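What follows is the residue order along each chain.
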Amino acid sequence: MRTIFHATSDAATALLNSGSIGVAIGAGAAVYFGKLLPGVVLGGLSFAAAGAGFGYLIWRTYRPRRPMFSARH
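Because the structure is a prediction, the values reported are computed rather than measured.

1. Thoughts on the packing of aromatic side chains
A full pass over the atoms with the stated rule returns two aromatic pairs. One cation-aromatic arrangement involves Arg-63 over Trp-59; the distance from NZ or CZ to the ring centre is 5.4 Å.

Structure, rendered in structure tokens:
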């Protein structure tokens with residue numbers, strides 16, 4: 001039960017961090033190019049990439065594991 005709460009908390013934090021990364025990169029791109037469309041596109045792509053990276057890290061942390069030393073030979 002405690003793992004579910006930790007995973008949910010980590011997922012919410014990852015979503016918040018991914019969103020802030022996407023907004024920051026999107027705003028920077030919009031200022032650099034002087035147009036809104038490149039900012040929206042790069043912001044969305046960076047949000048997706050950051051979300052995938054954080055999602056992979058959460059999956060690696062909370063995935064079910066096999067015992068390292070099993071009785072099988």
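Now that the structure is up, let's keep going.
2. Considerations on the environment of Ile-58
Here Ile-58 is to be found in helix H2 (residues 36-62). If we skip the residues at most four places from it in the chain, Ile-58 touches Asp-10, Ala-11 and Ala-14.

3. Concerning the environment of Ile-4
Here Ile-4 is to be found in helix H1 (residues 2-33). When its relative accessible area of 53% is taken as the criterion, Ile-4 is described as exposed. C-alpha separation for the pair Ile-4 and Val-41, spaced 37 residues apart in sequence, amounts to 33 Å.

4. Details of the side chain of Ser-18
Position of Ser-18 among the secondary structure elements: in helix H1. On the accessibility criterion, Ser-18 (1% relative accessible area) is buried. Excluding anything up to four places from it in sequence, Ser-18 contacts Phe-47, Ala-50, Gly-51 and Phe-54.

5. Thoughts on H2
Given 3.6 residues per helical turn, the α-helix brings residues three or four places apart onto the same face. In this model H2 runs 38 Å from its N-terminal to its C-terminal C-alpha over 27 residues, within 8% of the 39 Å that 1.5 Å per residue would give. Taken together, the buried positions of H2 are occupied by Gly-39, Gly-43, Ser-46 and Ala-50. Against H1 lie the buried residues of H2.

6. Digging into the side chain of Ser-46
Along the polypeptide, Ser-46 turns up in helix H2. By relative accessible area, Ser-46 is classed as buried at 11%.

7. Examining the packing of H1 against H2
The N-to-C vectors of H1 and H2 enclose an angle of 155°; their axes lie 7 Å apart at closest approach. With respect to H2, the axis of H1 lies roughly antiparallel. When the axes of H1 and H2 are compared, the crossing they make is right-handed.

Criteria and thresholds
Residues numbered from 1 in each chain as written. Predicted model: local features only at pLDDT ≥ 70, side-chain atom pairs only at ≥ 80, totals over all residues. Heavy atoms only, no water. Phe/Tyr/Trp six-rings, centres within 6.5 Å; stacked < 30°, edge-to-face > 60°. Lys NZ or Arg CZ within 6 Å of the ring centre and 35° of its normal. Helix = DSSP H or I, 4+ residues; strand = E, 2+ residues; numbered from the N terminus. Contact = heavy atoms within 4.5 Å. Buried < 20%, exposed > 50% of the residue type's maximum accessible area, 1.4 Å probe, protein only. Expected span 1.5 Å × (residues − 1). Axes fitted to C-alpha atoms, helices over the stretch in contact; angles between N-to-C directions. Parallel < 35°, antiparallel > 145°, perpendicular 65-115°, else oblique. Left-handed = near helix turned anticlockwise from the far one by under 90°.

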